[in-house]
Amino acid sequence: VHKITLTNFRNFKSKSFDFSGKVTVIVGPNGVGKTNTLEALFLLSTGKSFKARTESEMLAYGEQLARISGAISYMPYAKNSYYFFRCIWICHFYS
């Protein structure tokens, strides 16, 4: 995963993360969203959450729409030849 953008997902109103092509370490104090970032990556990869039972649990408080988008890049054969893919997850909650 090259980049991930979260909108109204859990405690993130609007946040983008750029990841290293080698190793990325996510660190920070309690409650800043480390696990939520991992959950967003898992959700884009598998289509489901490892924490939430329903999609509405993943919406930021008071919001009706959440979005996660990610850019995946890889270099299968040639040097400096990257392929980019975009994945998007959107949740609408109707009360």
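Once a new chain begins, its residue numbering starts again from 1 and follows that chain's sequence as written. pLDDT decides what is reported in this predicted model: residues at 70 or higher carry local features, side-chain atom pairs at 80 or more are listed and counted, and totals for whole chains, interfaces and linings draw on all residues regardless. Calculated side-chain values reflect all of the structure's heavy atoms, with hydrogen atoms and water omitted.

Q: Please give an account of the packing of aromatic side chains that cites residues and values.
A: Each aromatic pair joins two rings of Phe, Tyr and Trp (for Trp, the six-membered one) with centres within 6.5 Å, and gets the label stacked for planes under 30 degrees apart, edge-to-face for over 60, and tilted for any other angle. A complete count under the given rule lists 3 aromatic pairs for this structure. Between Phe17 and Phe19, the ring centres sit 6.4 Å apart and the planes meet at 20 degrees, which makes this aromatic pair stacked. Judged on exposure class, the residue Phe17 and its partner Phe19 are both buried. Taken together, the aromatic side chains of Phe12, Phe17 and Phe19 make up a single cluster linked through ring pairs. In this scheme, a residue with accessible area under 20% of its type's maximum is buried, one over 50% is exposed, and one in between is partly exposed, where area comes from a 1.4 Å probe on protein chains only.

Q: I'd like a rundown of the pattern of salt bridges, residues and numbers included.
A: One side chain can pair with another of opposite charge once the charged atoms of both are near each other. When a carboxyl oxygen of Asp or Glu is within 4 Å of a side-chain nitrogen of Lys or Arg, the pair counts as a salt bridge. Inspection of every chain in the model, using the stated rule, returns 2 salt bridges. We note a salt bridge from Arg10 to Glu39, for which the minimum N-O separation is 2.7 Å. Separated by 29 residues along the polypeptide, Arg10 in the loop between β1 (3-9) and β2 (12-18) and Glu39 in helix α1 (residues 34-46) bring together distant segments of the chain. A relative accessible area of 18% places Arg10 in the buried class. The residue Lys13 makes a salt bridge to Glu63 at a minimum N-O spacing of 2.5 Å. Numbering of helices and strands runs from the N terminus, with a helix taken as a DSSP run of H or I at least four residues long and a strand as a DSSP run of E at least two residues long.

Q: Which residues make up the pairing of β1, and what are the values?
A: Inspection of the sheet shows β1 paired to β2 by 6 bridges, in the antiparallel sense. Bridge assignment links Ile4 to a residue of β2, and that residue is Phe17. The hairpin formed by β1 and β2 contains 2 residues between the paired strands, and Arg10 there has a positive phi angle of roughly 50 degrees. Pairing between strands is defined by DSSP: at least two bridges between them are needed.

Q: Which residues make up the environment of Ala52, and what values do they have?
A: Looking at where Ala52 falls in the secondary structure, it is placed in the loop between α1 and β3 (65-74). Taking the relative accessible area as the measure of exposure, Ala52 reaches 14% and is therefore buried. With 13 residues separating them along the chain, Ala52 and Glu39 place their C-alpha atoms 9.3 Å apart. Two residues qualify as a contact provided that any one of their heavy atoms is within 4.5 Å of a heavy atom in the partner residue. Leaving out residues up to four positions away in the same chain, Ala52 has contacts with Arg10, Glu39, Glu57 and Met58.

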